[in-house]
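An overview of the molecular structure
Each chain is listed here by its residues.
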Amino acid sequence: MIISSELKAKINDLYYMSNIYEINSFNRMADRMVKELQEEIGLKRKEAEKSKDKLRYFEIDFKKESIQTILELKIINEYRCLEVLLKSLFSKAYILTEKDSFSDWPSLCKTIKRRGVVLSEVNGYKEAYELKQVNNCLKHSNKLLNINNRTKHIYEFRKANKPDENSLTHFYQRVQPKVLVFVKCFTDKIVENLKQQVIR
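Moving on to helix α5 (residues 125-140). End to end, α5 covers 22 Å across 16 residues, agreeing with the expected 22 Å (1.5 Å per residue, within 8%). Among the residues of α5, those classed as buried are Y125, E127, A128, E130, L131, K132, Q133, V134, N135, C137 and L138.

Okay, the packing of helix α1 (residues 5-22) against helix α3 (residues 54-93) next. Running from N to C, α1 and α3 cross one another at 180°; their axes reach a closest spacing of 10 Å. Comparing their axes, α3 and α1 come out roughly antiparallel. Touching K10, D13, L14, M17, S18 and Y21 of α1 are E78, C81, L82, L85, S88, L89, K92 and A93, all from α3. Split into classes, the residues belonging to the contact of α1 with α3 amount to 8 nonpolar, 2 polar and 4 charged.

Throughout the structure, instances matching the rule amount to 9 aromatic pairs. When the ring of W105 is compared with that of Y125, the centres are 6.0 Å apart and the planes differ by 40°; the resulting orientation is tilted. In this pair, W105 sits in helix α4 (residues 105-114) while Y125 sits in helix α5, placing the two residues 20 residues apart along the sequence. Judged on exposure class, the residue W105 and its partner Y125 are both buried. Note on F182 and F186: the rings are 6.3 Å apart at their centroids and 15° apart in plane angle, and the pair reads as stacked. Of the two residues, F182 and F186 are both situated in helix α6 (residues 165-199); the distance of 4 residues between them amounts to about one turn of the helix. Under the relative-accessibility criterion, F182 is labelled buried at 0%.

So, about helix α2 (residues 25-51). End to end, α2 covers 39 Å across 27 residues, agreeing with the expected 39 Å (1.5 Å per residue, within 8%). The complete set of buried residues in α2 reads N27, A30, V34, L37, I41, K44 and A48. Phi for K52, located one or two positions after α2, is positive at around 60°.

Calculation notes
- Residues numbered from 1 in each chain as written.
- Predicted model: local features only at pLDDT ≥ 70, side-chain atom pairs only at ≥ 80, totals over all residues.
- Heavy atoms only, no water.
- Helix = DSSP H or I, 4+ residues; strand = E, 2+ residues; numbered from the N terminus.
- Expected span 1.5 Å × (residues − 1).
- Buried < 20%, exposed > 50% of the residue type's maximum accessible area, 1.4 Å probe, protein only.
- Axes fitted to C-alpha atoms, helices over the stretch in contact; angles between N-to-C directions.
- Parallel < 35°, antiparallel > 145°, perpendicular 65-115°, else oblique.
- Contact = heavy atoms within 4.5 Å.
- Nonpolar A, V, L, I, M, F, W, Y, C, P; charged D, E, K, R; others polar.
- Phe/Tyr/Trp six-rings, centres within 6.5 Å; stacked < 30°, edge-to-face > 60°.

Structure (structure tokens):
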């Protein structure tokens, strides 16, 4: 198959864009902040036990809430980056029409499917979709994260009424590597689709 230089350049751009997704400086910074807060909590706990000062325990609780907030922001950031990347990859690969919509997840899936790529069949889709569901709960719930019917099926939140540091950490650690696989496979599917269009 002979590929035009224009298509080669487009394919190179698509792979470059998908590789950028892996380099998430926000998450590295967040990880450092969580580690520092955990170390501070350890020190404050020792101080509180020695002094029996109740304010030390308040400070510990305050730092724990900060850790939870950072973990929630990591999840929100991860999904936002994924969403922006999917839309950008698609826009780079195809000429958009009036029918194309990225307003929500179902619209995005339909738009991508019209070009011959079924998002739900891409390796890592389940975890990408779970990331979206948890992101939506974090952003749109009155409480930090009301475990509801949309997220109750997610392994880390099955037994919880509200997530904690452990459930958020384990969720992120399980999902994030699979989302990276999803991004790579989605890019491969688009490239394959573009090459097939050349053959037709």
